[in-house]
Number of protein chains: 4
Amino acid sequence: MTGEPHCHEAQIRVRYAETDQMGVVYHANYLVWMEVGRVEYCRSIGLRYKDMETEESTHLAVAEAGCRYLAPALYDEEVVVKTWVGEIHSRMIVFRYELRNLETEKVLATGFTKHVFVGRDLKPKKLPPRYWAAFGLTPQSKTAVTMGISGGGQRGAQP
Amino acid sequence: MTGEPHCHEAQIRVRYAETDQMGVVYHANYLVWMEVGRVEYCRSIGLRYKDMETEESTHLAVAEAGCRYLAPALYDEEVVVKTWVGEIHSRMIVFRYELRNLETEKVLATGFTKHVFVGRDLKPKKLPPRYWAAFGLTPQSKTAVTMGISGGGQRGAQP
Amino acid sequence: MTGEPHCHEAQIRVRYAETDQMGVVYHANYLVWMEVGRVEYCRSIGLRYKDMETEESTHLAVAEAGCRYLAPALYDEEVVVKTWVGEIHSRMIVFRYELRNLETEKVLATGFTKHVFVGRDLKPKKLPPRYWAAFGLTPQSKTAVTMGISGGGQRGAQP
Amino acid sequence: MTGEPHCHEAQIRVRYAETDQMGVVYHANYLVWMEVGRVEYCRSIGLRYKDMETEESTHLAVAEAGCRYLAPALYDEEVVVKTWVGEIHSRMIVFRYELRNLETEKVLATGFTKHVFVGRDLKPKKLPPRYWAAFGLTPQSKTAVTMGISGGGQRGAQP
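Since the structure is predicted, the reported quantities are computational estimates derived from the model, not experimental observations.

## Here's the deal with the overall build of chain A
For chain A, the count of helices and strands is two helices and five strands. Mapped in sequence order, the helices and strands of chain A form the string β-α-α-β-β-β-β. Residues counted as buried form 58% of the 159 residues belonging to chain A. Here the contacts in chain A between residues at least 6 apart in sequence split such that 69% fall between residues at least 24 apart. Total accessible area on chain A is roughly 6600 Å²; 50% of this is exposed by carbon and sulfur atoms.

This is the structure in structure tokens:
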């Protein structure tokens, strides 16, 4: 995979329900917004995640998630969720995200989610071949894109 | 800091509201459970987080969070949230978590949250001295506990 | 049905995630607490709702819900969810709730949820006979318990 | 107030996070969607709810809410939240909602929320005069719009 990966930008507006008594968005909701970004990313490459589940019994089980919170998101703000694929092979996919305020362009958070493809029984399976092309995956693909949270936040995890 | 750190185990029961149509707990809810673990950890060392907010205007803003999902949590299961402090100094604290099924003892997830101490205005501040002892923090403390997700999941983050 | 109905009191502690920027619990979360009350009510009469779903493919689909908010619930408070059956027959059940602060005994809210029994296909069905006794339902039962929110709040709904 | 009241239609797409293991949207989330409808209704008449809170310290505390669930909402569906004012006077407002599937036009739910105007201290107050015109409220207004859930669902509440 060379050059800039395909990105998609979804847009959400912060709901009151998503705030907490600190007056900002409760941090767990960023993972929900990443879900919105991921689903819209899939739609942008011609895949409807709902169909993956119902037609091919293929689910993206979350194996890992991480988020760095850089600035608080506030009620009623419009937030852009930029999403791209950080890594993919036949058994897993890593989505990466950058969330920013639509108006000020201030980056609110960066994050990633790593998923394994599983069947209805939650057992790992390969991504059905019909979806490979959309994700730019070929039988020869050997992707090695980094998947940690950008910016060195995971330094401590190094051996 | 030597020896085993103080741990606290909180217990929750999975709510129907927390499941999704994959038939398992939606992944963002693990961060909410970590909040429960964190608050109960504080209570176990004599601190009521609510009082920190109201009496000392000290909030724990989440700066980073990560979670590795090892096994699905299911509706109505009882889950133990084991919480301990991975790192602390006057301006930040890292909590680490291990979630397991109460009955089977199967580990469901591991994770961490990194917080900075902020005031009501969300500006960084130092942890008020009255809380230092409870967290085992002394003016001489220089902690250097790793804070990444255990198990090497963040390898990709290395430069 | 004569005399006081069986009641069950479940207890929850308000999570930070459940608050909003008004500094109180976001109102939709009361419905989640009612779910906790309902499930624990069932457990108190010997029924595990999870088993109803998996063993008998019987689900309680929510057909209607209502809540009157009398006092705000605050972060870290312990809340008692008192639950009882307001009405039941073979095809539907109404649960009623009273939520109060554990410490002050102040009533925070009253509400109800009306459910129809449905199968895995979401089609209406009768409550399987094995559960009838636990709910005090007999083939002769003709319950006529009122199901609106107590206190006259629904006056406007009259024709 | 004569003729049809002003209505606004907001649109949301069902998130995976909003589903539960029954494979449909968890019922409490409809209240969150009503919030979206209400906020967009306000925007449509020139009011930004955020500003009401920050500039006039006027909050809409929920005093009562009700919802009738007519058909399940499914993942990834687009839902239209039709919102209008059912009743208003200087101290309270009732919003009414109809939720329908965008594509099929099937009505999913109807509901209402009743709010009292409160200050930052959560004490009741009058709606500041600067907002009266937008809501069609005049010093002479005496509204008497019904506020129950339409369709007779509250019959049991009659004395």
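Okay, back to it.
## Points about helix α2 (residues 49-56) of chain A
Given 3.6 residues per helical turn, the α-helix brings residues three or four places apart onto the same face. Residue and element names in this part refer to chain A. Within α2, burial applies to Tyr-49, Lys-50, Met-52 and Glu-53. Across the axial projection of α2, the buried residues extend over an arc of 165°, all falling on one side. Each element contacted by the buried residues of α2 is listed here: β2 (59-69). Phi turns positive, to about 45°, at Ser-57, one or two residues after α2.

## Topic: the sheet that holds β2 of chain A
With respect to topology, ten strands assemble into an open sheet ordered β1(A)-β3(A)-β4(A)-β5(A)-β2(A)-β2(B)-β5(B)-β4(B)-β3(B)-β1(B), the strand pairing being antiparallel. Edge strands, defined here as strands with exactly one partner in the open sheet, are β1 (7-13) of chain A together with β1 (7-13) of chain B. Taking each pair of neighbouring strands and ignoring which way they run, the sheet shows an average axis angle of 25°. As defined by bridge partners, β1 of chain A adjoins strand β3 (residues 78-89) of chain A across seven bridges and the pair is classed as antiparallel. Bridge assignment links Gln-11 of chain A to a residue of β3 of chain A, and that residue is Val-80 of chain A.

## A word on the side chain of Lys-50 of chain B
Tracing the backbone through its elements, the reader meets Lys-50 of chain B in helix α2 (residues 49-56). For the buried residue Lys-50 of chain B, which engages in no salt bridge, the nearest side chain bearing the opposite charge is Glu-77 of chain C, 5.0 Å off. Separated by 3.0 Å, the side chain of Lys-50 of chain B and the backbone oxygen of Tyr-75 of chain C make a polar contact. Dropping the residues within four chain positions of it, Lys-50 of chain B is found in contact with Leu-74, Tyr-75, Asp-76 and Glu-77 of chain C.

## Considering empty space enclosed by the protein
Counting across every chain of the model gives one cavity of 30 Å³ or more. The volume enclosed by the largest cavity comes to roughly 710 Å³. What lines the largest cavity is a set of 30 residues, and nearest its centre among them are Asn-29 of chain A, Asn-29 of chain B, Ala-17 and Asn-29 of chain C together with Asn-29 of chain D. Within the residue set of the lining of the largest cavity, elements represented by two or more residues are α1 (29-44) of chain A, α1 (29-44) of chain B, α1 (29-44) of chain C together with α1 (29-44) of chain D. Partitioning the lining of the largest cavity into residue classes produces 16 nonpolar, six polar and eight charged.

## Some points on unusual backbone geometry
At Leu-122 of chain C, a position not held by glycine, the phi torsion is positive, near 70°. Summarising the element assignment, Leu-122 of chain C is placed in the segment after β5 (107-118). Leu-122 of chain C sits in the partly exposed class, given a relative accessible area of 30%. The phi dihedral of Glu-105 of chain D falls on the positive side, at around 65°, and the residue is not glycine. Along the chain, the position of Glu-105 of chain D falls in the loop between β4 (92-101) and β5 (107-118).

## Things to note about the sheet that holds strand β4 (residues 92-101) of chain C
Working definition: the strands of a sheet are paired by backbone hydrogen bonds and lie parallel or antiparallel to each other. Spatial strand order, β1(C)-β3(C)-β4(C)-β5(C)-β2(C)-β2(D)-β5(D)-β4(D)-β3(D)-β1(D): ten strands in an open sheet with antiparallel pairing. Strands with a single pairing partner mark the edges of an open sheet, and in this sheet they are β1 (7-13) of chain C together with β1 (7-13) of chain D. Across the sheet, the axes of successive neighbouring strands diverge by a mean angle of 25°, strand direction being ignored. By the bridge criterion, ten bridges tie strand β2 (residues 59-69) of chain C to β5 of chain C in an arrangement that is antiparallel. Counterpart to Gly-66 of chain C in the pairing with β5 of chain C is Phe-112 of chain C. Docked against the sheet, α1 of chain D engages β2 of chain C together with β1, β2 (59-69), β3 (78-89), β4 and β5 of chain D, running at close to 65° with respect to β3 of chain D.

Rules of the game
- Every chain's residues receive numbers from 1 upward, in the order its sequence appears when written.
- A letter from A marks each chain and a number from 1 marks each ligand, given out in the order of writing.
- A pLDDT threshold of at least 70 governs which residues receive local features in this predicted model, and a stricter bar of 80 or more applies before side-chain atom pairs are shown or counted, although totals over entire chains, interfaces and linings include all residues.
- Just so you know, side-chain values use all the structure's heavy atoms and leave hydrogens and water out.
- Think of it this way: any DSSP run of H or I at least four residues long counts as a helix, any run of E at least two long counts as a strand, and we number them from the N terminus.
- Residue burial is assigned from relative accessible area. The probe radius is 1.4 Å, only protein chains are included, and a residue is buried under 20% of its type maximum, exposed over 50%, and partly exposed in between.
- When checking whether two residues touch, look at their non-hydrogen atoms; a contact exists if any pair is within 4.5 Å.
- All accessible-area figures derive from a Shrake-Rupley calculation using a 1.4 Å probe, and residue coverage is judged against the displayed protein chains alone.
- Each direction from the helix axis to a C-beta atom contributes to the arc, which is the arc of those directions.
- DSSP calls a pair of strands paired once it identifies at least 2 bridges connecting them.
- Axis definition: a line fitted to C-alpha atoms, limited for helices to the stretch in contact. Angles are taken between N-to-C directions and run from 0 to 180 degrees.
- The convention is simple: Lys and Arg are positive, Asp and Glu are negative, and His and the chain ends are not counted.
- The salt bridge definition used is simple: a Lys or Arg side-chain nitrogen within 4 Å of an Asp or Glu carboxyl oxygen.
- A 3.5 Å cut-off defines polar contacts: any pair of N or O atoms within that distance qualifies, except that in protein one atom must be a possible hydrogen donor and the other a possible acceptor, and neighbouring residues in sequence count only when both atoms are side-chain atoms.
- Both site types are read off a 1 Å grid over the protein atoms alone. A 1.4 Å probe that fits but cannot get out defines a cavity, while an open set with protein on both sides within 12 Å along at least five of seven lines defines a pocket; lining residues have an atom within 4 Å of a point.
- Grid points are joined across faces, edges and corners, and a volume is the space filled by probe spheres set on the points.
- Just so you know the grouping, Ala, Val, Leu, Ile, Met, Phe, Trp, Tyr, Cys and Pro go in nonpolar, Asp, Glu, Lys and Arg go in charged, and all remaining residues, Gly too, go in polar.

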